[in-house]
Amino acid sequence: MYNLRYHLVSLVAVFIALTLGLFLGSMVAERGYLDEQQAGLVEGLQKDFDGLRATNDELRVAFERDRAFVNELSQLALDGALAERHVVVLTNEGRSDGLAAVTGAIESAGGTVVTAMASERAVGLEDPALRTRLETVVASETIEAEGSLDAAVAVSLAAEWADTSPDEPVTALLVEEGVLDMRGHDPEVTTDGIVVLASWGGEPDAFACSVGGKVRDGGGAAVGVETTGNETGVTEACSALGLSAVDAVDLPQGTASVVWILAGRAEGYFGVGDGAASLFPQVTAEEPVD
């Protein structure tokens, strides 16, 4: 039987149904709007990504072009800079970073490379048996003057490599003991300079740096080098001894810096590290620096 209560319940039911319908409809409409917004956002991001990728490709091509140009110019600037010069590259087994760049630069500049490859830290001087044998071939007056066998060995190596005499007792003993491999070495050829690369476990070989210092003291050019992103402490250690240093030898500017230093046309610390004065030296003359 129809009464007021029935009509009220019916009206409430109608209003509830309308409310639910409006709510559900708004949700559907809003979801469609969000989907549309999301699709637009994705499309915009895709366009931005495509644009960045295209820009990156252009920058990469430009970088390779500029790098090739710099390489060509640096080669012209270094051509013949080390003609008839002989350079020892003192490194150690297990190291490859920087070695190819250094030897390639020296040879491209007309120089000859001798690779002195150590198989142990400080060419095995921590071995008591080797020290005993060295004491029999290193001049006693040299040991006394230098104050230690290690320093005397460094002086002896630098002197033997700089001399044209075929008699090289210290070098010969280290080679015989298997702690030093002298690739391309001719005892009768004078060494004009040295590049120090040797490091062990991310730390510089202090003895190798010392040999570099003795070569410099004897009038030869000496430089400690590293590659970017692989800090070995060699440049810092060599710089502390007063040697020149290059910490970006894997870059064209770095290889050019090494050649100019070995040619006597520059000196100092060059590269990208905190201790570097600049990326490369400002060479203004072809004559060796004083």
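An account of the accompanying structure is given in this report. Values in this document were obtained by computation on a predicted structure and should not be read as measured data.

### Things to note about the pattern of salt bridges
Then, in step 1: As enumerated under the stated definition, the model contains six salt bridges in all.
Then, in step 2: Of the charged contacts in the structure, one is a salt bridge between R133 and E176, with a shortest N-O distance of 3.5 Å. Placement of the pair is R133 in helix α3 (residues 128-137) and E176 in helix α6 (residues 169-176), with a sequence separation of 43 residues.
Then, in step 3: Note that D217 and R216 form a salt bridge whose closest N and O atoms lie 2.9 Å from each other.
Then, in step 4: Residues participating in the shared-partner salt-bridge network are R133, E176 and E177.

### Observations regarding the sheet that holds strand β3 (residues 180-183)
The strands making up a sheet associate through backbone hydrogen bonding, with each pair oriented either parallel or antiparallel.
Then, in step 1: Taken in spatial order, the seven strands of this open sheet run β3-β2-β1-β4-β7-β8-β9, and their pairing is mixed. A single partner strand is all that each edge strand has here, and the edge strands are β3 and β9 (269-270).

### Brief notes about the pairing of strand β2 (residues 112-118)
Then, in step 1: With respect to burial, β2 is a largely interior element, six of its seven residues being buried.
Then, in step 2: This β-α-β element, strand β1 (residues 86-92) to helix α2 (residues 99-108) to β2, shows right-handed connectivity.
Then, in step 3: Sheet analysis places β2 next to β3, joined by four bridges and oriented antiparallel. Bridge pairing in β3 places A116 opposite M182.

### Considering a negative patch on the surface
Then, in step 1: On the surface, a cluster of negative charge is made up of E93, E120, E126 and D127.
Then, in step 2: Within the secondary structure layout, E120 lies in the loop between β2 and α3.
Then, in step 3: E120 gets classed as partly exposed once you look at its relative accessible area, which sits at 39%.

### Side note on unusual backbone geometry
Then, in step 1: A positive phi angle, near 65°, is found at E84, a position not held by glycine.
Then, in step 2: Along the polypeptide, E84 turns up in the loop between α1 (4-78) and β1.
Then, in step 3: According to the relative accessible area criterion, E84 is exposed, its value standing at 76%.
Then, in step 4: Phi at V123 takes a positive value of approximately 45°, unusual for a residue other than glycine.

### Some thoughts on the packing of helix α5 (residues 149-162) against helix α7 (residues 206-217)
Pairs of packed helices are described in terms of their axes, by the angle between the two and the distance that separates them.
Then, in step 1: Here α5 crosses α7 at 50°, and the two axes come no closer than 8 Å. Regarding the angle of α5 to α7, the classification is oblique. The two elements α5 and α7 meet at a crossing, and its hand is right-handed. For the pair α5 and α7, the contacting residues are D150, A151, V153, A154, V155, L157, A158 and W161 in the first and F207, S210, V211, K214 and V215 in the second.
Then, in step 2: A breakdown of the residues in the contact of α5 with α7 according to their chemical character gives 10 nonpolar, one polar and two charged.

What counts, and at which threshold
- Residues numbered from 1 in each chain as written.
- Predicted model: local features only at pLDDT ≥ 70, side-chain atom pairs only at ≥ 80, totals over all residues.
- Heavy atoms only, no water.
- Salt bridge = Lys/Arg side-chain N within 4 Å of Asp/Glu carboxyl O.
- Helix = DSSP H or I, 4+ residues; strand = E, 2+ residues; numbered from the N terminus.
- Pairing = 2+ DSSP bridges.
- Buried < 20%, exposed > 50% of the residue type's maximum accessible area, 1.4 Å probe, protein only.
- Right-handed = clockwise from strand over helix to strand, strands pointing away.
- Patch = residues over 30% accessible without salt bridge, like charges linked within 9 Å, V, L, I, M, F, W, Y side chains within 5 Å.
- Areas by Shrake-Rupley, 256 points an atom, 1.4 Å probe, with all protein chains shown as cover.
- Lys, Arg positive; Asp, Glu negative; His and termini not counted.
- Charge placed at Lys NZ, Arg CZ, Asp CG, Glu CD.
- Axes fitted to C-alpha atoms, helices over the stretch in contact; angles between N-to-C directions.
- Parallel < 35°, antiparallel > 145°, perpendicular 65-115°, else oblique.
- Left-handed = near helix turned anticlockwise from the far one by under 90°.
- Contact = heavy atoms within 4.5 Å.
- Nonpolar A, V, L, I, M, F, W, Y, C, P; charged D, E, K, R; others polar.

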